[in-house]
Amino acid sequence: MRELALVRDEVVRALREAGLTAFAAWPPERMRDYGGAVAAVDVGTAESGPMGFCNYLGETYDQTLGTVREVYGKQLEAEILVDLRAQRAADCEAACAQAADVLLGGLAEGIRCGELAWEGLCWDKAAGMFRRRGRLQCRAVFVAEAGEDDETFLDFRLKGVLTT
């Protein structure tokens, strides 16, 4: 499901923008290659559903083109998993505080945050690093517009994320 990758990538982008080293589902053994804390982001459980009647949200007027386009939407209930690891406990704790700020207030407007829960700090013997795992319950909103011919859809995009 493309939407899962869009949500995961938005979380990775926001964490990086806040100064954390973050990757999508990074193997624990590779995390030792970095000096400070490293975040691996993935999507756990997810459930998709429509918005509006058959995804139809209404119409929007494009002032520059002078045209009306139909807008469609869908939502995704998801659990974002953030796995923080560091060689020092203090680095792991600092990254946890920084990541919590991002997850609760620094994501795109299309990701509506719910409950954020962190497991306690522990030593991961296999990786040889400290570890702290977080789970964010959220709702992601995606929108798409009908093409100029009103017969084709443009791809659904995460609301609030610019595309190029």
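The preceding data block contains the structure.
Residues numbered from 1 in each chain as written. Predicted model: local features only at pLDDT ≥ 70, side-chain atom pairs only at ≥ 80, totals over all residues. Heavy atoms only, no water.

(A) Layout of helix H1 (residues 2-17). In this model H1 runs 22 Å from its N-terminal to its C-terminal C-alpha over 16 residues, within 8% of the 22 Å that 1.5 Å per residue would give. Taken residue by residue, H1 has Glu 3, Val 7, Glu 10, Val 11, Val 12, Ala 14 and Leu 15 as its buried positions. Where H1 ends, the next residue or the one after it, Gly 19, has phi of about 100°, a positive value. (Helix = DSSP H or I, 4+ residues; strand = E, 2+ residues; numbered from the N terminus. Expected span 1.5 Å × (residues − 1). Buried < 20%, exposed > 50% of the residue type's maximum accessible area, 1.4 Å probe, protein only.)

(B) View of the packing of aromatic side chains. Tallied over the entire structure, the rule returns 1 aromatic pair. Centre to centre, the rings of Trp 123 and Phe 130 are 4.9 Å apart; their planes meet at 75°, and the pair counts as edge-to-face. Classification of Phe 130 by relative accessible area gives partly exposed; the value is 23%. (Phe/Tyr/Trp six-rings, centres within 6.5 Å; stacked < 30°, edge-to-face > 60°.)

(C) Region of interest: the pairing of strand S4 (residues 67-86). Most of S4 is tucked away, with 14 of its 20 residues classed as buried. Direction of pairing for strand S3 (residues 56-62) relative to S4: antiparallel, over a ladder of 6 bridges. The residue of S4 that forms the bridge with Gly 58 is Val 71. Here S3 folds back onto S4 in antiparallel fashion, the turn holding 4 residues, of which Gly 66 has a positive phi close to 70°. Note that S4 and strand S7 (residues 129-145) share 16 bridges and pair antiparallel. Considered in S7, the bridge of Glu 77 is made with Arg 139. (Pairing = 2+ DSSP bridges.)

(D) How the structure looks around the environment of Ala 14. Assignment of secondary structure puts Ala 14 in helix H1. A sequence separation of 92 residues divides Ala 14 from Gly 106, and the C-alpha atoms of the two residues are 6.5 Å apart. In this structure, Ala 14 is in contact with Val 102, Gly 106 and Leu 107, ignoring residues within four places of it in sequence. (Contact = heavy atoms within 4.5 Å.)

(E) View of the pattern of salt bridges. Inspection of the entire model under this criterion finds 13 salt bridges. Between Lys 74 and Glu 3 there is a salt bridge, and its shortest N-O distance comes to 2.8 Å. Remark: Glu 3 occurs in helix H1 and Lys 74 occurs in strand S4; sequence separation between them is 71 residues. For the pair Lys 74 and Glu 3, a shared accessibility class is recorded, and that class is buried. Notably, a salt bridge pairs Arg 85 with Asp 83, separated by 3.1 Å at the nearest N-O pair. Given a relative accessible area of 13%, Asp 83 falls into the buried group. (Salt bridge = Lys/Arg side-chain N within 4 Å of Asp/Glu carboxyl O.)

(F) Looking closely at the environment of Val 82. Secondary-structure assignment places Val 82 in strand S4. For Val 82, a relative accessible area of 1% gives the class buried. Each C-alpha atom of the pair Val 82 and Ala 99 lies 8.5 Å from the other, and the pair is 17 residues apart in sequence. The contact partners of Val 82, leaving out residues within four places of it in the chain, are Ala 39, Ala 40, Val 41, Leu 103, Trp 118, Arg 132, Arg 133 and Gly 134.

(G) Up close: the nonpolar core. In this structure, Leu 15, Ile 80, Leu 84 and Leu 107 are the most contacted members of the largest nonpolar core, which totals 29 residues. Listing elements by their share of this core, those giving two or more residues are H1, strand S2 (38-50), S4, helix H2 (89-105) and S7. If near-sequence neighbours (up to four positions away) are discounted, Leu 84 is found in contact with Val 38, Ala 39, Cys 92, Ala 95, Cys 96, Ala 99, Trp 118, Phe 130, Arg 131 and Arg 132. Grouped together as the second largest cluster of nonpolar side chains are 6 residues, Phe 23, Trp 26, Met 31 and Val 38 included. (Core = buried A, V, L, I, M, F, W, Y, C linked by side-chain atoms within 4.5 Å.)

That is the geometry; function is a separate question.
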